[in-house]
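Tertiary structure, described
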Amino acid sequence: ALSSDLMAAANEMSEGVSDLRLVKKQLALITELDQDANVTARAAELDAVIDDWIAYILQKELKTFQHVYQHEGRLLIKFKDLLGRMHGSDIPLTDGFRVVTRDYLDTWQGYRADLEDIKSERIAAFNRMARDAGVAELHIP
């Protein structure tokens, strides 16, 4: 059950990152094509919010020839590492695994709420402004 919950959350994270990256591409195109200062400013604000959310989920600092221990692991890496440890162990899961899993899942709930806020509130607000300005709206996959 722990593994299943972690996998479901990891999949949601990955889908969230993918969805938001597609929104970022749309924002870049809108910014490139539109000269309205309000639209470009709001697009930049939304783009920054999306970047911040993605940075909590993905390990972006790693470059070629760097070791994982040089940077704090982001949430998705922590989930994958814990899943690997669970499946790579021949001994029964300890209470420590259960505690860490609950902590990770609790952390994910906060980021999930932020993701939902971005998708339902912030993108909707941008779309209302875009509609009023006669600009193409963002589409969420």
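Preceding this section is the structure that the text describes.
This text gives an overview of the structure that appears in the document. Computed from a prediction, not measured in an experiment: that's the story for all the values here. (Residues numbered from 1 in each chain as written. Predicted model: local features only at pLDDT ≥ 70, side-chain atom pairs only at ≥ 80, totals over all residues. Heavy atoms only, no water.)

**Section: the overall build of the protein**
For the record, the criterion: Only runs of H or I of at least four residues qualify as helices and only runs of E of at least two qualify as strands under DSSP, and these elements are numbered from the N terminus. Three labels apply to residues, based on accessible area from a 1.4 Å probe with only protein chains included: buried if under 20% of the type maximum, exposed if over 50%, partly exposed otherwise in between. Should any heavy atoms of two residues lie within 4.5 Å, those residues are considered in contact.
Each helix and strand in the protein was counted, giving four helices and zero strands. In sequence order, the secondary structure elements of the protein are arranged as α-α-α-α. Looking at the 141 residues of the protein, the share that counts as buried comes to 33%. Pairs at least 24 apart in sequence give 68% of the contacts found in the protein among residues at least 6 apart.

**Quick look at the packing of aromatic side chains**
Using the following cut-off: The aromatic pairing rule takes the rings of Phe, Tyr and Trp, using the six-membered ring of Trp, and pairs them if the centres are within 6.5 Å, calling planes under 30 degrees apart stacked, those over 60 edge-to-face and the rest tilted.
For the coordinates displayed, the defined rule picks out two aromatic pairs. Plain terms: the ring middles of Tyr 56 and Tyr 111 are 5.2 Å apart, the flat faces sit at 20 degrees to each other, and that makes the pair stacked. With a gap of 55 residues between them, Tyr 56 in helix α2 (residues 37-57) and Tyr 111 in helix α4 (residues 95-133) connect regions that are remote in the sequence. Under the relative-accessibility criterion, Tyr 56 is labelled partly exposed at 46%.

**With respect to α2**
Because each turn of an α-helix spans 3.6 residues, side chains separated by three or four positions end up pointing in the same direction. In plain terms, the rule: To estimate the expected span of a helix, subtract one from its residue number and multiply by 1.5 Å. Regarding the arc, it is the one traced by the directions from the helix axis to the C-beta atoms.
Relative to the 30 Å expected for 21 residues at 1.5 Å per residue, α2 spans 31 Å between its end C-alpha atoms, a close match to the ideal helical length. Residues Val 39, Ala 43, Leu 46, Ile 50, Trp 53, Ile 54 and Ile 57 constitute the buried set of α2. Buried residues along α2 cover an arc of 100 degrees about the axis, so they all sit on one side.

**Quick look at the packing of α2 against α4**
Condition: Axes here refer to lines fitted to C-alpha atoms; in helices the fit is confined to the stretch in contact. Angles between the N-to-C directions go from 0 to 180 degrees. These descriptions rest on fixed angle ranges, namely under 35 degrees for roughly parallel, over 145 for roughly antiparallel, 65 to 115 for roughly perpendicular, and the rest for oblique. For any pair of crossing helices, the crossing counts as left-handed if the nearer helix is rotated counterclockwise from the farther one by less than a right angle, and right-handed if it is rotated clockwise. Side-chain classes are defined by residue name, with Ala, Val, Leu, Ile, Met, Phe, Trp, Tyr, Cys and Pro counting as nonpolar, Asp, Glu, Lys and Arg as charged, and the others, Gly among them, as polar.
The interhelical angle for the contact between α2 and α4, taken along N-to-C directions, is 165 degrees, at an axis separation of 11 Å. Overall, the two elements α2 and α4 adopt an arrangement that is roughly antiparallel. Seen along the crossing, α2 lies across α4 with a hand that is left-handed. Contact with α2, carried on its side by Asn 38, Val 39, Arg 42, Ala 43, Leu 46, Val 49, Ile 50, Trp 53, Tyr 56 and Ile 57, involves Trp 108, Tyr 111, Asp 114, Leu 115, Ile 118, Arg 122, Ile 123, Ala 125, Phe 126, Met 129 and Ala 133 of α4 and no other residues of that element. When its residues are assigned to classes, the contact of α2 with α4 shows 17 nonpolar, one polar and three charged.

**Considerations on the nonpolar core**
The condition that has to hold: Residue types Ala, Val, Leu, Ile, Met, Phe, Trp, Tyr and Cys, when buried and joined through side-chain atoms within 4.5 Å, form a set referred to as a nonpolar core.
With 29 residues, the main nonpolar core has Leu 27, Ile 50, Trp 53, Ile 57, Trp 108, Phe 126 and Leu 138 as its most contacted residues. Within the residue set of this core, elements represented by two or more residues are α1 (2-33), α2, α3 (75-87) and α4. Those residues within four positions of Phe 126 in sequence are excluded, and the remaining contacts are Leu 27, Ile 30, Val 39, Arg 42, Ala 43, Leu 46 and Leu 138.

**Details of the pattern of salt bridges**
The cut-off we apply is this: We count a salt bridge whenever a side-chain nitrogen from Lys or Arg sits within 4 Å of a carboxyl oxygen from Asp or Glu.
Counted according to the given criterion, the structure contains six salt bridges. Of the charged contacts in the structure, one is a salt bridge between Lys 119 and Asp 19, with a shortest N-O distance of 2.8 Å. Of this pair, Lys 119 sits in helix α4 while Asp 19 sits in helix α1, placing them 100 residues apart in sequence. Close ionic contact of Arg 122 with Asp 117 constitutes a salt bridge, the shortest N to O distance being 3.2 Å. With a relative accessible area of 41%, Arg 122 lands in the partly exposed category. Salt bridges here are not isolated pairs; linked through shared partners, they connect Lys 24, Asp 47 and Asp 51.

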